Amino acid sequence: MNKDILICGVGGQGTVLASKLIASAATSCGETVHSAETIGMAQRGGSVTSHVRIGREAFSPLIPSGSADLVLAFEPAEAVRNLRYLKTDGMVLCSSVPVKPTTESLSDTGYDGTEMLAYLQGKCRCLIIDAQSLCAPFGSSQYFNVAILGAAVGAGVLGLDAESMLQEMERKIPAKFIENNIAAFRAGMQIGEAYGIK
Amino acid sequence: MKREYVMGNGAIALGALAAGVNVVSGYPGTPSSEIIETISKYPQQGLHLEWSVNEKAAMEVAASAAYAGARTLVTMKQVGLNVASDPLMSLAYVGVKGGMVIVAADDPGPISSQTEQDTRMFAQYCRIPVFDPSSPEEAYRMIQDAFVYSEKYHTPVLFRPTTRICHAYASIEVPEQFGVHTYEGFVKDSGRWVIFPRLSYANHAMIEKRNPQIGKDFSSYAPNHFTGKGPKAVFASGVSYAYAKEYLKQYPDIRLCQIATPHPFPEQLALACLEGVEEVLCIEELSPYVETQLLQLIGAHQLSVRVYGKLTGHAASSGENSADSVAQALSGFLGTAPADAGLDLSDMPALPLRPPVLCAGCPHRASFYAVKKAMQGKKSYFCGDIGCYTLGNAMPLDMVDTCLCMGAGITMAQGLHWVDPQASCFAFVGDSTFFASGMTGVVNALYNEADMTLCVLDNSTTAMTGHQPHPGTGRNMMGNVVDKISIENTLAGMGVKKILTVDPLNLDAAVTAVQECAAEPGVKAIIFQSPCIAISKPTGKMQISEKCIQCKKCIRETGCPALITIDGKVSIDESLCTGCGLCSQICPVGAIQ
Ligand code: SF4
Ligand code: SF4
């Protein structure tokens, strides 16, 4: 398998766990995996990305523009910011919930994500996920990271099956959070499956 | 053997462990910090591990251990090498017995550094070997080779990964268990270990004779290699080699040469690669190092080869390379198709900017705010320093007038005092930075009778680089609980007469302390003590009541990211608020509780 997956969002949203789960699940399936993370100053409320590259053909740690099969976006503007990485026939999964810049209350640009979502829909194959209602039963938007993985599996675009993702989750996520994580993953899967059928 | 999926820094750490390293020292700095953190997860009998107080100390600890035959590793970021350059320059003359590898991580971009300096140039300046890995997997093997070469030539060697190597992940095969290297111990020999002009002279001559020898040796070192044929060649170094390979996978016949040991330059290999070549493109980050080496070589051998790169404008002279920028340079040079650019995004809407800010509830915000309040309307200069608190420069705080390098705030406040004695001069320094390079500046102020107020922002950790312990925290990297070194006692011992310790989250007390210090002549210090929110439990959440008159003073004055507006109304984002209470002390009507 050769697959490039870009994960993007805002510092603190849990993108790193999502990339770790994909990378280790793919490794367990015998794939060669490379990935790269944003670390440092940008983690504080800034834009963050993880590049996950599955397959022997990946030399560079970062995905070249126009090469990502899949973009998993935790925030609409971050999806657009990273859209240049997407293959013309690639797919974007994106949360509908905007994260205002931390400086928004001072400068008030009126950013609310709608323009970004419209742009995405006009540009590429995408599945917009209502992260708010998806995460509501679990009481925290922190579960979106596993939910979006579930959606990618459900839509059949991750290249990994539910079994191997769930196994990796059991291994990486502390016992007291695992139940909610599995439920969030399955809720995401349903959304993905519904999209896949369409 | 077992497989581990690790970060490049983890691969470097595991490689050093596989080489049986005995002593590891360093100072945190992005992108190098995780090397020592990884090693701390593999405690070994006979392995000493420390966060040193700064890079110079780290270098010296490792150097003498290597005199004794131990294998030693020193880690730092590129600007840390400036701090450690004093011992390193001399050490290059003296040499070592045990293998000594100095990891100095470069940061093209720069992404989180002050400079775009190039450690390969530093190696050339010091006349010592340098290794430049192109992937985490290669870094794992190469650091083991670095110890071998260090011992073979009795010289410290540099190892310089860049951010994209340090923070990239790959899976590597490592031994189930590590053992440590056995060594002879220190053998007294003042003719060898005591640097005197005579020794330096003799060793300088030896080094100049030795280096071409190492260059020859490196010419047959496996990672230095080339593939392909034809009249055009691409030379690449570090992660740029990986980017070049990525683009050239569609053109496997193009001549591509990796320079994995930039200094001493593997001349014989380069000459072999240049045979029949008419044009060369150099792909590298930071300085045009390989490019200049090739120009020299081509000149010395009177070859007729054109060299393109940074010096000719065929590659960007500053900033970080990417798979895209390298693909573009290569397609221009080779006349091949440009890489697939993906979707047409020329109509992309304007994106919101996300500048980094101090976290919600960060005690630094309160400290800066207290000084700002206390000095309102009075002429003051605020000299900042390196750490999270450099972000105090952002609006609305706007409390960092200068920032240069580690510890500089303290001495720069003195310089401003001498040219403008009427102004109140403040220096802000973090606790870790205070120990790393702030103390000498305080002595300088006392001795030279400067007027200044030192503000130590003591949050009990090295926050910026990922919360490493330091001498004030009472923990060290051997996992031991040790006596905390008190900043207050340190200052008092130096002779600072007025030292006030306050909780910055108690706004009135903090403002009063600042006013009291500013009113007095001489060197005064305020220690703002409150732990980093990332290592302490939040005290609760604040809420805004209906008393709020929507004046937005809380937002305008603090800029705390937890203070937001929803439909124009001020509110608190409960997922971010730590209940620090700064805003509630600012609200004119007491609406925040
Ligand atoms: S109490 Fe106020 S200033 Fe402190 S974190 Fe909460 S909102 Fe921000
Ligand atoms: S300062 Fe107080 S009254 Fe003014 S907007 Fe903030 S909470 Fe409301």
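Cut-offs and rules
- Residues numbered from 1 in each chain as written.
- Chains lettered and ligands numbered in written order.
- Predicted model: local features only at pLDDT ≥ 70, side-chain atom pairs only at ≥ 80, totals over all residues.
- Heavy atoms only, no water.
- Helix = DSSP H or I, 4+ residues; strand = E, 2+ residues; numbered from the N terminus.
- Rg over C-alpha atoms; globule rule 2.2 N^0.38 Å.
- Contact = heavy atoms within 4.5 Å.
- Areas by Shrake-Rupley, 256 points an atom, 1.4 Å probe, with all protein chains shown as cover.
- Lys, Arg positive; Asp, Glu negative; His and termini not counted.
- Charge placed at Lys NZ, Arg CZ, Asp CG, Glu CD.
- Buried < 20%, exposed > 50% of the residue type's maximum accessible area, 1.4 Å probe, protein only.
- Buried area = accessible area lost by both parts, 1.4 Å probe.
- Salt bridge = Lys/Arg side-chain N within 4 Å of Asp/Glu carboxyl O.
- Axes fitted to C-alpha atoms, helices over the stretch in contact; angles between N-to-C directions.
- Parallel < 35°, antiparallel > 145°, perpendicular 65-115°, else oblique.
- Nonpolar A, V, L, I, M, F, W, Y, C, P; charged D, E, K, R; others polar.
- Pairing = 2+ DSSP bridges.
- Near = heavy atom within 4 Å.
- 1 Å grid on protein atoms, 1.4 Å probe; cavity = no way out; pocket = protein on both sides within 12 Å on 5 of 7 lines; lining within 4 Å.
- Sits in = over half its atoms within 2 Å of the grid points.
- Domains from an automatic or database assignment.
- Points joined across faces, edges and corners; volume = space filled by probe spheres on them.

A.B. asks: Mind showing me how you'd approach the overall build of chain B here?
C.D. replies: Helix and strand counts for chain B come out as 21 helices and 20 strands. In terms of overall dimensions, chain B is globule-like: its C-alpha atoms have a radius of gyration of 27 Å, near the 25 Å expected for 593 residues. Taking the principal axes of its C-alpha atoms as reference, chain B extends roughly 80 × 70 × 55 Å. Considering only intrachain contacts with a sequence separation of at least 6, the fraction spanning at least 24 residues in chain B is 79%. Counting every atom, chain B has about 23,800 Å² of accessible surface; 54% of that belongs to carbon and sulfur. Separation of charge centres in chain B, based on 44 positive and 55 negative side chains, amounts to 2 Å.

A.B. asks: Explain the overall build of chain A to me, please; I cannot follow it from the model alone.
C.D. replies: The secondary structure content of chain A amounts to 8 helices and 6 strands. Taken from N to C terminus, the helices and strands of chain A fall in the order β-α-β-β-β-α-β-α-α-β-α-α-α-α. In terms of overall size, chain A behaves like a compact globule, its C-alpha atoms giving a radius of gyration of 16 Å where 198 residues would be expected to give roughly 16 Å. In terms of overall dimensions, chain A has C-alpha extents of about 50 × 40 × 40 Å along its principal axes. Counting only residues that meet the buried cut, chain A has 61% of its 198 residues in that class.

A.B. asks: What am I meant to see in the interface of chain A and chain B here?
C.D. replies: Quoted interface sizes are often the accessible area lost when the parts come together. At the junction of the two partners, chain A supplies 47 residues and chain B supplies 50 residues. Both sides together, the interface formed by chain A and chain B hides about 4,300 Å², and carbon and sulfur atoms give 61% of it. At the junction of chain A with chain B, the criterion picks out 5 salt bridges. Residues R84(A) and D324(B) are paired through a salt bridge, measuring 3.4 Å at the closest nitrogen-oxygen approach. Mapped onto the side of chain A that touches chain B, the elements with two or more residues apiece are α1 (15-28), β2 (33-37), β3 (47-54), α2 (76-81), β5 (86-95), α3 (104-107) and α4 (114-123) of chain A. Looking at the side of chain A that touches chain B element by element, the count peaks at 5 residues for β2(A).

A.B. asks: Just to check I follow, could you spell out the packing of helix α16 (residues 408-419) of chain B against helix α17 (residues 431-447) of chain B for this structure?
C.D. replies: Residue and element names in this part refer to chain B. Between α16 and α17, whose axes approach to 7 Å, the crossing angle comes to 25°. Between α16 and α17, the interaxial angle falls into the category roughly parallel. Contacts between α16 and α17 involve I410, T411 and Q414 on the former and, on the latter, G438, G441, V442, N444 and A445. The residue makeup of the contact of α16 with α17, split by class, is 3 nonpolar, 5 polar and no charged.

A.B. asks: Would you take a moment to explain the sheet that holds strand β16 (residues 452-458) of chain B for this structure?
C.D. replies: In any sheet, the strands associate via hydrogen bonds between backbone groups, in a parallel or an antiparallel arrangement. All names here are of chain B. Taken together, the 5 strands give an open sheet; going across it, the order is β14-β15-β16-β18-β17, and neighbouring strands pair in parallel fashion. Only two strands of the sheet have a single partner each, and these edge strands are β14 (380-383) and β17 (498-502). Looking at each pair of strands side by side, their axes are set apart by 20° on average, direction ignored. In this sheet, strand β15 (residues 424-430) lies alongside β14 in parallel orientation, the contact comprising 4 bridges. Opposite Y381, over in β15, you have C425 as the bridge partner. Contacting β14, β15, β16 and β18 (523-529), helix α15 (residues 363-374) crosses the sheet at an angle of about 160° to β16. Along the sheet, α17 makes contact with β15, β16 and β18, crossing β15 at roughly 150°.

A.B. asks: Would you mind going over the site of ligand 1 with me for this structure?
C.D. replies: Residue and element names in this part refer to chain B. Taken together, the residues surrounding ligand 1 are A360, G361, M542, C560, A562, L563, C577, T578, G579, C580, G581 and C583. When atoms are counted within 2 Å of each cavity's grid points, the one that captures over half of ligand 1 is the largest cavity. Split by residue class, the shell around ligand 1 holds 8 nonpolar, 4 polar and no charged.

A.B. asks: Help me understand the domain arrangement of chain B in this model?
C.D. replies: Domains assigned within chain B are domain 1 (2-213), domain 2 (225-334), domain 3 (363-535) and domain 4 (538-593). On a C-alpha basis, the centroid separation for the pair domain 2 of chain B and domain 4 of chain B is 56 Å.

A.B. asks: Got a minute to help me understand the layout of surface pockets in this structure?
C.D. replies: It is the rolling of a water-molecule-sized probe over the atoms that shows where space remains empty. Residues and elements named next belong to chain B. Reported here for the second largest pocket is a volume of approximately 740 Å³. As for the second largest pocket, its lining consists of 41 residues, of which Q114, I386, G387, M406 and M464 are closest to the centre. Counting only elements with at least two residues in the lining of the second largest pocket, the list comes to α4 (78-83) and α17. For the lining of the second largest pocket, the leading source of residues is α17, giving 5 residues.

A.B. asks: Which parts of the structure should I look at to understand the pairing of strand β4 (residues 72-77) of chain B?
C.D. replies: Consecutive side chains along a regular strand alternate between the two faces of the sheet. Residues and elements named next belong to chain B. Of all 6 residues in β4, 6 are buried, a share of seventy percent or more. Residue alternation in β4 divides its side chains into two sets, T72, V74 and M76 and L73, T75 and K77, and both sets are buried. With 4 bridges joining them, strand β2 (residues 23-26) and β4 adopt parallel strand pairing. In the sheet register, G26 faces β4, and the bridge partner there is T75.

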